[in-house]
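Spelled out, the chains give:
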Amino acid sequence: MSETITRRLMIRGRVQGVGYRNYIEYKAGELGIKGWVRNRLDGSVEAVVRGAPRAVTTIIECARRGPRASQVSEVTVSTVAAAEDFGGRFEIRQTT
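The rules behind these values
Residues numbered from 1 in each chain as written. Predicted model: local features only at pLDDT ≥ 70, side-chain atom pairs only at ≥ 80, totals over all residues. Heavy atoms only, no water. Helix = DSSP H or I, 4+ residues; strand = E, 2+ residues; numbered from the N terminus. Buried < 20%, exposed > 50% of the residue type's maximum accessible area, 1.4 Å probe, protein only. Polar contact = N/O pair within 3.5 Å; in protein donor to acceptor, adjacent residues only side chain to side chain. Contact = heavy atoms within 4.5 Å. Pairing = 2+ DSSP bridges. Axes fitted to C-alpha atoms, helices over the stretch in contact; angles between N-to-C directions.

**Student:** Just checking my understanding: could you explain the side chain of S44 for this structure?
**Tutor:** Looking at where S44 falls in the secondary structure, it is placed in the loop between β2 (34-39) and β3 (45-51). Residue classification places S44 among the buried residues on the basis of a relative accessible area of 2%. Here D42 takes part through its side chain, which lies 2.6 Å from a polar atom of the side chain of S44. Apart from the residues lying within four places of it in its own chain, the contact partners of S44 are M10, I11, R12, V15, Q16, R38 and N39.

In structure tokens, the structure reads:
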């Protein structure tokens, strides 16, 4: 079985209303990443990503760039214990 890692991303800047969640969902699909992404009431975006170390590193780089209309000012990355079952998919969740 191949190694997987899980990371929580908190993304700040102009990241809501610019297609940011759809961008991350698309990139996750390309990379075989499982997890979720959602807007936060404070204007940030939060994501939890799980996959092969190289794929997770790549999606973190994508999160730092964002889609063309976004302006990412900060991405905070933290390690998460892999307790949640993502059901083999990546999804956009409701704002919290």
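**Student:** Even after reading the chapter, I still don't get the sheet that holds β3, so can you show me in this structure?
**Tutor:** Pairing between the strands of a sheet comes from backbone hydrogen bonds, and it takes one of two forms, parallel or antiparallel. Within the open sheet, the 5 strands sit side by side as β4-β1-β3-β2-β5. Their pairing is mixed. Edge positions in the open sheet fall to β4 (71-79) and β5 (90-92), since each of these has one partner strand only. Neighbour-to-neighbour, the strand axes of this sheet turn through a mean angle of 15 degrees, independent of strand direction. Here 3 bridges tie β2 to β5, and the two strands are oriented parallel to one another.

Any functional reading would require information beyond the geometric quantities listed.
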